[in-house]
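So the chains spell out like this:
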Amino acid sequence: MTAIQEETAVEETVAKSKDAAVESPFKRILSDYMESPVAVIGAIGVFLVIVIAVLGPWLAPTDPYDLAAVSFMDNLLAPGETMANGTVAWLGTDGAGRDLVSAMIYGLRISLGVGVGSGIIALIIGCTLGMIAAYFGGRTDMIIMRIVDMQLSFPAILVALILLAVVKGGPNEPGYFAVFKIIAALVVVQWAYYARTIRGSALVERRKEYVEAANCLALSNSRVVFRHLLPNCIAPIIVVGTMQTAHAISLEATLSFLGLGLPQTEPSLGKLISNGFDYVMSGKYWITVFPGLALLFMIVSINLVGDRLRDVLNPRLQK
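Here goes a summary of the coordinates provided. No experiment lies behind these values; they were computed from the predicted model shown.

What follows deals with the overall build of the chain. Of regular secondary structure, the chain possesses 13 helices and two strands. Taking all 319 residues of the chain together, the buried fraction comes to 39%. Long-range pairs, those at least 24 residues apart, make up 70% of the contacts in the chain with a sequence separation of at least 6. Working note: accessible area of the chain is about 17500 Å², and carbon and sulfur atoms make up 67% of it.

Here it is in structure tokens:
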């Protein structure tokens, strides 16, 4: 290599280092994320799911739970057949005569709402306890983490089944109470994952100089924990939150399929799959298959996004 080539290579290296220094963390994360085509497809899938969930009432051809608009004469129509009101059932109808496209849109809204809602509540509880355990240490840390260990030693589905069986309501319980029960059960199942993750990250951050400086300034414990320590632990929280949202959606679908989830008045994708399970062997595959594919698409998309975020936000995995 000649001297001119060496000088050019040095200049290019310096220019790249300057660009990297000027580049904001958000742009770096976005550019690293976009390097994976599979992750981009997952992000597009999540975006479509959110759009469908938000605009569900306007996108659905009919209201599948309006008793005045549902006709039992339309039950078990094959995909592409025309309903009594002249609407084409592109994905067929279920045993109650509801358009499956509309039912899936409404079910997707409820599944996503329950998964995200329970995840946010579990994140708040888990992060609070995890930060307290890491910051104060000692007996406080021991008590909180032993509770976390006990929680994680049992399968999530088993804990949720026990909780729902204990607080099982009567046949006339309101729909909002059933939704509250399933969200509460998912919160109990999930919070320990957040607590353990945030504690591990906070223990590393707690030993750094900025925490010692904050303590030397006699700042309150709450300010040190939530204004200084917590913002530096956001990256693992985002990753775990994404993964746990997908896990909560799949767990809720499992509970609904088993008959312990949401009621018929608040049907999720799991309930739609359960409703069509008895018809699978008789050739009416679409009642279960299409909601199952929608559920699979949503969970896989969220997991792809979470898996890529884990790689991007983990410094040890950076090139």
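Another point: the state of the cysteines. Evaluation of the coordinates by the stated rule reveals zero disulfides. The thiol sulfur of cysteine 127 is not disulfide-bonded, and the nearest other cysteine sulfur, from cysteine 233, lies at 8.8 Å. Given a relative accessible area of 7%, cysteine 127 falls into the buried group.

What follows covers the packing of aromatic side chains. This structure, assessed with the given rule, holds four aromatic pairs. A centroid spacing of 5.2 Å and a plane angle of 90° characterise the contact between tyrosine 135 and phenylalanine 136, whose relative ring orientation is edge-to-face. Overall, the relative accessible area of 8% leaves tyrosine 135 in the buried class. Between phenylalanine 257 and phenylalanine 277, the ring centres sit 5.5 Å apart and the planes meet at 85°, which makes this aromatic pair edge-to-face. Remark: phenylalanine 277 occurs in the loop between α12 (269–276) and α13 (286–313) and phenylalanine 257 occurs in helix α11 (residues 234–257); sequence separation between them is 20 residues. Residue classification places phenylalanine 257 among the partly exposed residues on the basis of a relative accessible area of 33%. Owing to a relative accessible area of 49%, phenylalanine 277 belongs among the partly exposed residues under this scheme. Here the aromatic residues Tyr285, Trp286 and Phe290 are joined through ring pairs into a cluster of three or more. Across from the ring centre of tyrosine 135, 5.7 Å away, lies the NZ or CZ of arginine 206, which sits over that ring.

This part covers the packing of helix α3 (residues 37–54) against α13. Between α3 and α13, whose axes approach to 8 Å, the crossing angle comes to 130°. It follows from the interaxial angle that α3 and α13 lie oblique. Pair α3 / α13 crosses with left-handed handedness. Side by side, α3 and α13 meet where Val38, Ala39, Gly42, Ala43, Gly45, Val46 and Val49 of the first sit next to Phe297, Met298, Ser301, Ile302, Leu304, Val305 and Arg308 of the second. Here the contact of α3 with α13 is composed, by residue class, of ten nonpolar, three polar and one charged.

A full pass over the atoms with the stated rule returns seven salt bridges. Residue arginine 98 pairs with aspartate 94 through a salt bridge whose shortest N-O separation is 2.8 Å. Like aspartate 94, arginine 98 is buried. Between aspartate 311 and arginine 310 there is a salt bridge; the shortest N-O distance is 3.5 Å.

Conventions adopted
Residues numbered from 1 in each chain as written. Predicted model: local features only at pLDDT ≥ 70, side-chain atom pairs only at ≥ 80, totals over all residues. Heavy atoms only, no water. Helix = DSSP H or I, 4+ residues; strand = E, 2+ residues; numbered from the N terminus. Buried < 20%, exposed > 50% of the residue type's maximum accessible area, 1.4 Å probe, protein only. Contact = heavy atoms within 4.5 Å. Areas by Shrake-Rupley, 256 points an atom, 1.4 Å probe, with all protein chains shown as cover. Disulfide = S-S within 2.5 Å. Phe/Tyr/Trp six-rings, centres within 6.5 Å; stacked < 30°, edge-to-face > 60°. Lys NZ or Arg CZ within 6 Å of the ring centre and 35° of its normal. Axes fitted to C-alpha atoms, helices over the stretch in contact; angles between N-to-C directions. Parallel < 35°, antiparallel > 145°, perpendicular 65-115°, else oblique. Left-handed = near helix turned anticlockwise from the far one by under 90°. Nonpolar A, V, L, I, M, F, W, Y, C, P; charged D, E, K, R; others polar. Salt bridge = Lys/Arg side-chain N within 4 Å of Asp/Glu carboxyl O.

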